[in-house]
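Structural overview for review
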Amino acid sequence: MDIKFLNVDLEVESTADLSPLVAALGDDVFLLQIRPADGDGDLATFELAEEHGGPDGRILEFCDLIERLPPEAAELWRTAHRRTFDIGYECGDTPPVFESKLTHPTIRRVADLGASLTTTIYPETDPEHQSADDGGVGG
C-alpha cells in the first residue's frame, strides 16, 4: 500500500466555550467534534469543507479563515491554550521515499497565529480485513 496524505485537522482547546468560533468558521469547515476538554472548556476539531491540495494548501486556507475571524471569535482563537494543525498520513511500504513539504510562508503564518504543527501517522489499513464497525482508521 502507498504512503499517502490524508488531511489536515485543526484542533482548538480552550477553557472558554468555543461555540462562537465554530459559528464564525461556518460552512467553510466541517466540525468533526466538539466535546469537553480535559479539565474545563471545550476541544473542537475541524477540517476544511473543500479540498485545497496537500498539507501546505490546506493549512494556508485555514490561516485565511482564522485571519478573517470576527472580533469575538478572534479573541477565542488568541486565548485558546492549544491551536494545532494536525497533518495526517497513512503509512505504507511504497514509495521507498515519501516527502511532504511545508513552505516557509506557511510555517511563518502558522507561527504568527500562535499555532503548532503536529504530524499523525496512521497504520495502513487492509480493506479486506476491516469491518465498518471495528473502529479503525478509514473504516
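Residues numbered from 1 in each chain as written. Predicted model: local features only at pLDDT ≥ 70, side-chain atom pairs only at ≥ 80, totals over all residues. Heavy atoms only, no water.

**Side note on unusual backbone geometry**
Our working definition: Only DSSP runs of H or I reaching four residues or more are called helices, and only runs of E reaching two or more are called strands; each is numbered from the N terminus.
The omega torsion of the bond from Thr94 to Pro95 falls at -10 degrees, within 30 degrees of zero and hence cis. Checked against the element boundaries, Pro95 lands in the loop between strand E4 (82-90) and helix H4 (104-112).

**Notes on the side chain of Glu13**
The following threshold applies: Note on definitions: a residue-residue contact is assigned when non-hydrogen atoms from the two residues lie within 4.5 Å.
Along the chain, Glu13 turns up in strand E1 (residues 4-14). Apart from the residues lying within four places of it in its own chain, the contact partners of Glu13 are Ala37, Asp38, Asp42, Leu43, Ala80, His81 and Arg82.

**Some details on the confidence of the model for the protein chain**
Applied cut-off: Per-residue confidence from the predictor is reported as pLDDT, which spans 0 to 100.
Mean pLDDT over the protein chain: 89, with 90% of residues reaching 70 or higher. Segment residues 129-139 is flagged for pLDDT under 50; beyond a separation of four residues in sequence, or across chains, it makes eight contacts in the model.

**Here we look at the pairing of E1**
Under the convention used in this document: Remark: exposure states derive from per-residue accessible area (1.4 Å probe, protein chains only) relative to the maximum for the residue type, with buried under 20%, exposed over 50%, and partly exposed in between. DSSP-based pairing: two strands are paired if at least 2 bridges between them are found.
Of all the eleven residues making up E1, eight are buried; the element is thus mostly covered by neighbouring parts of the structure. Summarising the sheet, E1 and E4 pair through nine bridges and their orientation is antiparallel. Along E4, the bridge assignment pairs Asn7 with Gly88. Strand direction decides the pairing type here: E1 and strand E3 (residues 42-48), joined by five bridges, are antiparallel. Bridge pairing links Ser14 to Asp42 in E3.

**Observations regarding the side chain of Asp86**
Cut-off, in case you're wondering: Under this rule, positive means Lys or Arg and negative means Asp or Glu; His and the chain ends count for nothing. By salt bridge we mean one thing: a side-chain nitrogen of Lys or Arg within 4 Å of a carboxyl oxygen of Asp or Glu. Polar contacts, as used here, are pairs of N or O atoms within 3.5 Å; protein pairs need one atom able to donate a hydrogen and one able to accept it. Residues neighboring in sequence count only if both atoms are side-chain atoms.
Structurally, the position occupied by Asp86 is in strand E4. Put simply, Asp86 is tucked away with no salt bridge, and the nearest opposite charge, on Arg82, sits 6.8 Å away. Here the side chain of Asp86 touches Thr120 through a polar contact of 2.7 Å, side chain to side chain. Once you skip the residues sitting within four places of it in the chain, Asp86 turns out to touch Asn7, Val8, Asp9, Glu11, Thr118, Thr119 and Thr120.

**Concerning the environment of Cys63**
When you line up the elements, Cys63 lands in helix H2 (residues 55-67). According to the relative accessible area criterion, Cys63 is buried, its value standing at 0%. Through-space distance from the C-alpha of Cys63 to that of Arg109 is 6.9 Å; in sequence the pair is 46 residues apart. Residue contacts for Cys63: discarding those within four places in its chain leaves Phe85, Arg109, Val110 and Leu113.

**Notes on the sheet that holds E4**
Cut-off, in case you're wondering: Axis definition: a line fitted to C-alpha atoms, limited for helices to the stretch in contact. Angles are taken between N-to-C directions and run from 0 to 180 degrees.
Read from one edge of the open sheet, five strands run E2-E3-E1-E4-E5, paired in mixed fashion. Each edge of the sheet is formed by a strand with only one pairing partner; in this case those strands are strand E2 (29-36) and strand E5 (116-122). Direction aside, neighbouring strands of the sheet carry axes that sit 25 degrees apart on average. Sheet analysis places E2 next to E3, joined by seven bridges and oriented antiparallel. Bridge pairing links Ile34 to Ala44 in E3. Here H2 sits on the sheet and contacts E1, E2, E3, E4 and E5; the angle it forms with E1, its principal contact strand, is near 30 degrees.

**Section: the packing of aromatic side chains**
Using the following cut-off: Working definition: a ring pair exists when centres of Phe, Tyr or Trp rings (six-membered ring for Trp) sit within 6.5 Å. Plane angles under 30 degrees give stacked, over 60 give edge-to-face, the rest tilted.
In the structure shown here, the tally under the stated rule is three aromatic pairs. Consider the rings of Phe5 and Tyr89, whose centres lie 5.9 Å apart with planes at 65 degrees: the pair is edge-to-face. Of this pair, Phe5 sits in strand E1 while Tyr89 sits in strand E4; the two residues are 84 residues apart in sequence, bridging distant segments of the chain. The exposure class of Tyr89 is buried, given its relative accessible area of 9%. Summarising the aromatic geometry, the rings of Phe62 and Phe85 are spaced 5.9 Å apart at their centres and angled 50 degrees between planes, so their arrangement reads as tilted. With a gap of 23 residues between them, Phe62 in helix H2 and Phe85 in strand E4 connect regions that are remote in the sequence.

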